[in-house]
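A closer look at the structure
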Amino acid sequence: FWIVGAPLFGEHDYESSLHKMTADLRVQDKVKFLGFRNDIREILEKADVVVHASTLGEPFGQVVIEGMAAGKPVIATDGGALPEIVQSGETGLLVPMGNAVQMSEAIAWLLADPIRAKKMGEAGRQHVMKRFTIEQTARKVEAIYDTLLVR
């Protein structure tokens, strides 16, 4: 299990608690803290599932989009904008924020069914290509400007 990222906003105590938790549970040989990385594409290529277990509502969810664009099934919490991105059961799975049991069950379920996971990953990639490319975003911004200029 890889944890990718590093504290950005003073969450060093939280990160330390995760390290301690892995030691207390004796799973430190199974969990790798990769820290901040620039090689996300390579990491995603090696991943089976992308998990985004935010405890706060995400305003957009770039990690989720990146995982889906890489064709990986995504498991995310159901806060903020993530329910607008992930179509639960189709392009990935959504679980309640803060519910570790449902999160672990979702991860186990997808890992146990690689055919379903592959289908979800491909559906997620198609979804991102239809809705979240830079070209799509640029067209939407242009449409807003067109509307404002007409006024």
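Described in the following lines is the structure provided in the data block. Remember, predicted model here, so these are calculated numbers, not experimental data.

When helices and strands are counted, the protein shows seven helices and five strands. In the protein, the order of α-helices and β-strands from amino to carboxyl end is β-α-β-α-β-α-β-α-β-α-α-α. Expressed as lengths along the three principal axes of its C-alpha atoms, the size of the protein is roughly 65 × 40 × 30 Å. Sorting the 151 residues of the protein into buried and exposed places 29% on the buried side. In the protein, of all internal contacts separated by at least 6 residues, the share reaching a separation of at least 24 is 53%. As displayed, the protein has an accessible area near 10,200 Å², and 57% of this comes from carbon and sulfur atoms. A distance of 5 Å separates the average location of the 17 positive side-chain charges in the protein from that of its 20 negative side-chain charges.

Rules used in this analysis
Residues numbered from 1 in each chain as written. Predicted model: local features only at pLDDT ≥ 70, side-chain atom pairs only at ≥ 80, totals over all residues. Heavy atoms only, no water. Helix = DSSP H or I, 4+ residues; strand = E, 2+ residues; numbered from the N terminus. Buried < 20%, exposed > 50% of the residue type's maximum accessible area, 1.4 Å probe, protein only. Contact = heavy atoms within 4.5 Å. Areas by Shrake-Rupley, 256 points an atom, 1.4 Å probe, with all protein chains shown as cover. Lys, Arg positive; Asp, Glu negative; His and termini not counted. Charge placed at Lys NZ, Arg CZ, Asp CG, Glu CD.

On their own, these measurements won't tell you what the molecule is for.
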